[in-house]
Amino acid sequence: MKNEQVDRRRFLAQWAALSAVAPSSALAFAEAPRCALTGEDIEGPYYLANAPRRTTLIEPGMSGTPLELEATVRDTRCIGLARARVELWQCDARGRYDTAGSRLRATLETDARGRFTVRTIVPGRYLNGATYRPAHIHCKIHGPRGVLTTQIYFDGDPYNANDPWYRRERAVSLVHGRDGFSARFDAVVRA
Ligand SMILES: [Fe+2]
């Protein structure tokens, strides 16, 4: 019986000690994962508001290499942002933007875990002054604390090196798939 009392006192002492440190430990754990904010990029001259809601940008007769872009939108705690509005626009395989219609433009929403997938084509390149811009996809992500305007680039594009806006951390890798390429992009916005 005496030993049981000693054990109980020891248990209570240990519990009290644990409880005293638990709040700060829990806080540290909750704040531990930090996702770095995705950098801003220029909007460029080809943005048009009110692009149609869709996740497939490929249309009949469209030339180019199919690309399935899987993406996530998260906050700096690395938590996916549900139902965040995303706008995408890009040029076609020959480097042309559709400025009269909505070809290769889309508006969509992330799912409950902050994910979205679009079917499009690998964008071409276009002249910007005397040199080509590397292939890129423009996007606007509407988060709870503002809009992130940025661009997604592609690893290995020979025009990345001399492009003033290219950033390696926003370049995705093209992976061969059954039908064209797939790529993954992870964006982080203020929330
Ligand atoms: Fe562009």
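Residues numbered from 1 in each chain as written. Predicted model: local features only at pLDDT ≥ 70, side-chain atom pairs only at ≥ 80, totals over all residues. Heavy atoms only, no water.

1. Focus: the packing of aromatic side chains
In step 1: On inspection of all chains with the given rule, the structure shows six aromatic pairs.
In step 2: Judged by centre distance (4.2 Å) and plane angle (10 degrees), the ring pair of Tyr 46 and Tyr 97 falls under stacked. Of the two residues, Tyr 46 sits in the loop between helix 1 (2–31) and strand 1 (66–74) while Tyr 97 sits in the loop between strand 2 (85–89) and strand 3 (105–109), which places them 51 residues apart along the sequence.
In step 3: By relative accessible area, Tyr 46 is classed as partly exposed at 28%.
In step 4: A relative accessible area of 10% means that Tyr 97 is categorised as buried.
In step 5: Taken together, the aromatic side chains of Tyr 46, Tyr 97 and Tyr 126 make up a single cluster linked through ring pairs.
In step 6: A cation over a ring is seen here: Lys 140 above Tyr 47, with NZ or CZ 4.7 Å from the ring centre. (Phe/Tyr/Trp six-rings, centres within 6.5 Å; stacked < 30°, edge-to-face > 60°. Helix = DSSP H or I, 4+ residues; strand = E, 2+ residues; numbered from the N terminus. Buried < 20%, exposed > 50% of the residue type's maximum accessible area, 1.4 Å probe, protein only. Lys NZ or Arg CZ within 6 Å of the ring centre and 35° of its normal.)

2. Remarks on the coordination of the iron ion
Reference geometry at the metal: tetrahedral coordination by four donors gives ideal angles of 109.5 degrees; octahedral coordination by six donors gives 90 or 180 degrees.
In step 1: Bound to the iron ion on the protein side are Tyr 97 (OH), Tyr 126 (OH), His 136 (NE2) and His 138 (NE2), at distances that span 2.0 to 2.1 Å.
In step 2: Coordination of the iron ion draws on donor residues from a single chain, spaced Y-x28-Y-x9-H-x1-H in sequence. On the criterion of sequence distance, the pair formed by Tyr 97 in the loop between strand 2 and strand 3 and His 136 in strand 7 (residues 136–143) is long-range, its members being 39 residues apart.
In step 3: Taking the relative accessible area as the measure of exposure, His 136 reaches 1% and is therefore buried. (Donors = N, O, S within 2.8 Å, 3.2 Å for Na, K, Ca; no water.)

Everything listed here is a matter of coordinates, which is why it stays silent on function.
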